[in-house]
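Residues per chain, in single letters:
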Amino acid sequence: LKHFYSSPEKQLSIAPGAVWGDPDARVTIVEFSDFQCPFCRLAAFSLKPYLGELKKKVRFIFMNYPLDNACNPAIKQSFHPVSCQAAKAAFCANKGGKFWEYHDLVFENQKKLSRTLLLDLARGVGLEEEWFNGCLVSVEADERISEEISEGTKFDIHGTPAVFINGRPFSDWTDPSRLRLVVEAELKK
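In short, a report on the structure.

Analysis parameters
- Residues numbered from 1 in each chain as written.
- Predicted model: local features only at pLDDT ≥ 70, side-chain atom pairs only at ≥ 80, totals over all residues.
- Heavy atoms only, no water.
- Pairing = 2+ DSSP bridges.
- Helix = DSSP H or I, 4+ residues; strand = E, 2+ residues; numbered from the N terminus.
- Contact = heavy atoms within 4.5 Å.
- Axes fitted to C-alpha atoms, helices over the stretch in contact; angles between N-to-C directions.
- Disulfide = S-S within 2.5 Å.
- Buried < 20%, exposed > 50% of the residue type's maximum accessible area, 1.4 Å probe, protein only.
- 1 Å grid on protein atoms, 1.4 Å probe; cavity = no way out; pocket = protein on both sides within 12 Å on 5 of 7 lines; lining within 4 Å.
- Points joined across faces, edges and corners; volume = space filled by probe spheres on them.
- Nonpolar A, V, L, I, M, F, W, Y, C, P; charged D, E, K, R; others polar.
- Phe/Tyr/Trp six-rings, centres within 6.5 Å; stacked < 30°, edge-to-face > 60°.
- Lys NZ or Arg CZ within 6 Å of the ring centre and 35° of its normal.

## Observations concerning the sheet that holds strand E2 (residues 27-33)
Then, number 1: As summarised here, the arrangement of the 5 strands in space is E1-E3-E2-E4-E5, forming an open sheet in which the pairing is mixed. Because the sheet does not close on itself, it has two edges, and the strands there are strand E1 (18-21) and strand E5 (168-169).
Then, number 2: Looking at chain direction, E2 and strand E4 (residues 162-165) are connected through 4 bridges and run antiparallel. Bridging from a neighbouring strand, Glu 31 pairs with Val 163 of E4.
Then, number 3: Along the sheet, helix H8 (residues 139-154) contacts E2 and strand E3 (58-64); its crossing angle with E3, the most-contacted strand, is approximately 110 degrees.
Then, number 4: With respect to the sheet, helix H9 (residues 176-188) is in contact with E2, E3, E4 and E5, its orientation differing from that of E2 by roughly 140 degrees.

What follows is the structure, encoded as structure tokens:
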């Protein structure tokens, strides 16, 4: 806890997109993630299960931070060439009310992501194809991903996943006992 509280707090300056848990909770966990990052896949299938019994006490926010220079100016080369498209697809899935279901499918299929697969997964969760295609190429999707990337830059992201609890960096996200310890400490404040 001492290490956790030694870091300064940072607050999101944009409205959250995808939220799980209690939207009004006193504890907010923010994850900046990339759909092609193997460690982000691990986080995708760890964080929410670790927080299961705390769902009514926390707000978990997913933010896109694709490691691809096609949409992220902080990245000098393309590490994950489909991650910008996946981020836009996730934005569209959130607009369509299917974010978490879509999120899980994208991470499950991480090694074979392509534009075609992103569209197939959208159809699979019940999103209308024409609407989804239009959303993918919309200015709104581009602007939102750009805002989330800018927000990640403000949070001084150097890699993904980057997890923050009430604005402080939390690097022990793989350890459920430490995650619960910090969340419980924040709930007692």
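From this point on, the discussion continues.
## What about the state of the cysteines?
Then, number 1: Taken as a whole, this structure holds 2 disulfides when the rule is applied.
Then, number 2: The disulfide that involves Cys 71 links it to Cys 84, with 2.0 Å between the sulfurs. Its torsion about the S-S bond being -90 degrees, the disulfide of Cys 71 and Cys 84 is classed as left-handed. One end of the pair, Cys 71, is in the loop between E3 and helix H4 (83-95); the other, Cys 84, is in helix H4, and 13 residues separate them in sequence.
Then, number 3: Taking relative accessible area as the criterion, Cys 84 reaches 6% and is therefore assigned buried.
Then, number 4: Disulfide pairing is shown between Cys 92 and Cys 135; the S-S distance is 2.2 Å. One quick way to see it: the torsion about the S-S bond of Cys 92 and Cys 135 is about -95 degrees, and its sign makes the bridge left-handed. With Cys 92 in helix H4 and Cys 135 in helix H7 (residues 129-136), this residue pair connects regions lying 43 residues apart in the sequence.

## Brief notes about the environment of Val 137
Then, number 1: Assignment of secondary structure puts Val 137 in the loop between H7 and H8.
Then, number 2: What makes Val 137 exposed here is its relative accessible area of 61%.
Then, number 3: Sequence separation between Val 137 and Gln 85 is 52 residues, and the spatial gap between their C-alpha atoms is 9.4 Å.

## Regarding the layout of surface pockets
Then, number 1: Here the largest pocket defines a volume of roughly 290 Å³.
Then, number 2: The wall of the largest pocket is formed by 16 residues, among which His 3, Pro 169, Phe 170, Ser 171 and Asp 172 lie closest to the centre.
Then, number 3: Residue assignment for the lining of the largest pocket shows that the elements contributing at least two residues are helix H1 (2-5), E4 and H9.
Then, number 4: Broken down by class, the residue content of the lining of the largest pocket amounts to 11 nonpolar, 3 polar and 2 charged.
Then, number 5: Empty space within the second largest pocket amounts to approximately 160 Å³.
Then, number 6: Counting residues per element, the ones that place at least two in the lining of the second largest pocket are E2 and E3.

## Regarding unusual backbone geometry
Then, number 1: Following Thr 160, the chain continues into Pro 161 via a peptide bond in cis, with omega recorded as -5 degrees.
Then, number 2: Among the secondary structure elements, Pro 161 is positioned in the loop between H8 and E4.
Then, number 3: Phi is positive for Asp 156, which is not a glycine, with a value near 60 degrees.
Then, number 4: The residue Asp 156 is located in the loop between H8 and E4 in this model.
Then, number 5: With relative accessibility at 45%, the residue Asp 156 sits in the partly exposed group.

## Focus: the packing of aromatic side chains
Aromatic ring pairs are reported here in terms of the distance separating the ring centres and the angle at which the planes meet.
Then, number 1: Evaluation of the coordinates by the stated rule reveals 12 aromatic pairs.
Then, number 2: Between Phe 99 and Trp 100, the aromatic rings sit 4.7 Å apart at their centres with planes inclined by 85 degrees, giving edge-to-face as the arrangement.
Then, number 3: An aromatic cluster is built from Phe 35, Phe 60, Phe 62, Phe 99, Trp 100 and Phe 107, whose rings are joined through pairwise contacts.
Then, number 4: We note Arg 168 situated over the ring of Phe 4; from NZ or CZ to the ring centre the distance is 6.0 Å.

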